[in-house]
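Structural features, examined
Below, each chain spelled out in residue letters.
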Amino acid sequence: MPRTTYDVSITPAGSEGASAAPYRDHYPVTLVSGVRLNLPIQPLPGGREAIALLMSNQTPFGVEAELGSLLARLAAEFAPEAIVGIPTLGLDYARLVARDLGFTNYVALGNSRKFWYSDELSVPVHSVTSPGANKRLYLDPALLERVAGRRTLIIDDVINTGGSAAAAIELLQAAGALVIGLAVVLIEGDAWQDALRSFGAEWPSRVRGLGHIPIFDATPDGWVPKP
């Protein structure tokens, strides 16, 4: 049966131990601060695999604030000069990070072409959560000066296949940005590493996350993380 609610919560560090596999409805993600982010498990098409689903625009404000604060601390370690958000769900976190780091603005990339946009400042993008969609990623020409020649950090909610991240890196480098890394709330699996190695063998080491989530296999007793 499909989920009828989106229930996400944070358990403070040092609280009672988390449940163990197999998991039924939720997966407890231990974050770098020691707190646990309890995410609903979402079966993938076919029902044999599942993911722990972070829908950033559906989380309670308290959870969003906690994640944003932790992500800002992580982002500060890169010493960025510009913050860029990947649409759609990375934009809120990019705004929170930029604000917490004392920036006066940030750059929101977009999937919707405005009439003043330039095709030269766009690239195709493939997303695991929107399969089959012929999307492009755009940089507003009016925001070019915010990234050109600057140490630019990309912010997103989750990295999985790396398709969106690779598109953002390609687009920003074409715009003259010095892309220094990627900070995300959650890292899912490791398939994304191949996509980012096209920009250099060192690129996977430039990705930092607050926590890691696996892909799950279905069993008669519940969901078990893949090795």
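It should be noted that the structure appears before, not after, this text.
Bear in mind the structure is a predicted one, so any value in this text is a computation, not a measurement.

Counting its regular elements, the protein chain contains 5 helices and 13 strands. A principal-axis box enclosing the C-alpha atoms of the protein chain has dimensions of 55 × 40 × 35 Å. A burial count over the protein chain gives 47% of its 227 residues as buried. Residue pairs at least 24 apart in sequence account for 71% of intrachain contacts in the protein chain once pairs closer than 6 positions are excluded. Surface accessibility of the protein chain: about 11,100 Å² in total, with carbon and sulfur atoms responsible for 52%. Within the protein chain, the 23 negative side-chain charges are centred at a point lying 2 Å from the centre of the 18 positive side-chain charges.

Judged by nonpolar contacts, the single largest core of 40 residues is most densely connected at Leu39, Ile155 and Leu186. Counting only elements with at least two residues in this core, the list comes to strand E2 (26-30), strand E3 (36-43), strand E4 (49-52), helix H1 (61-76), helix H2 (91-100), strand E9 (151-159), strand E10 (178-188) and strand E11 (207-213). Setting aside anything within four residues of it in sequence, one finds Leu39 in contact with Tyr6, Val8, Asp25, His26, Tyr27, Val29, Ala52, Leu53, Leu54, Leu186 and Ile213. Val84, Leu172, Val179 and Trp203 belong to the second-largest nonpolar core, a separate cluster that totals 30 residues.

The amide bond that connects Ala21 to the next residue, Pro22, takes the cis arrangement and shows omega of 0°. Mapped onto the secondary structure, Pro22 falls in the loop between strand E1 (9-11) and E2. Look at the link from Pro87 to Thr88: it is a cis peptide, with omega at -5°. Within the secondary structure, Thr88 is located in the loop between strand E5 (82-85) and H2.

Where E4 meets strand E12 (residues 216-219), 2 bridges bridge the pair, whose relative direction is antiparallel. Each bridged residue has a counterpart across the sheet, and for Glu49 the counterpart in E12 is Asp217. Bridging between E12 and strand E13 (residues 222-225) involves 4 bridges; their strand directions are antiparallel. By the bridge assignment for E13, Thr219 is matched with Gly222. Hairpin connection of E12 to E13: 2 residues between the antiparallel strands.

Of all the residues in H2, the buried ones are Leu91, Tyr93, Ala94, Leu96, Val97 and Ala98. Contacts from the buried residues of H2 go to H1, E5, strand E6 (107-108), E9 and E10. Of the residues trailing H2, Gly102 is marked for its positive phi of about 90°.

Here we take up the pattern of salt bridges. Applying the stated criterion to the full structure yields 7 salt bridges. Ionic pairing is found between Arg208 and Glu77, a salt bridge with its closest N-O pair at 3.0 Å. Separated by 131 residues along the polypeptide, Arg208 in strand E11 and Glu77 in the loop between H1 and E5 bring together distant segments of the chain. A relative accessible area of 33% means that Arg208 is categorised as partly exposed. The partner of Arg99 in a salt bridge is Asp100, with the nearest N and O atoms 3.3 Å apart. Take Arg99: its relative accessible area is 53%, and that puts it in the exposed class.

What counts, and where the lines are drawn
- Residues numbered from 1 in each chain as written.
- Predicted model: local features only at pLDDT ≥ 70, side-chain atom pairs only at ≥ 80, totals over all residues.
- Heavy atoms only, no water.
- Helix = DSSP H or I, 4+ residues; strand = E, 2+ residues; numbered from the N terminus.
- Buried < 20%, exposed > 50% of the residue type's maximum accessible area, 1.4 Å probe, protein only.
- Contact = heavy atoms within 4.5 Å.
- Areas by Shrake-Rupley, 256 points an atom, 1.4 Å probe, with all protein chains shown as cover.
- Lys, Arg positive; Asp, Glu negative; His and termini not counted.
- Charge placed at Lys NZ, Arg CZ, Asp CG, Glu CD.
- Core = buried A, V, L, I, M, F, W, Y, C linked by side-chain atoms within 4.5 Å.
- Pairing = 2+ DSSP bridges.
- Salt bridge = Lys/Arg side-chain N within 4 Å of Asp/Glu carboxyl O.

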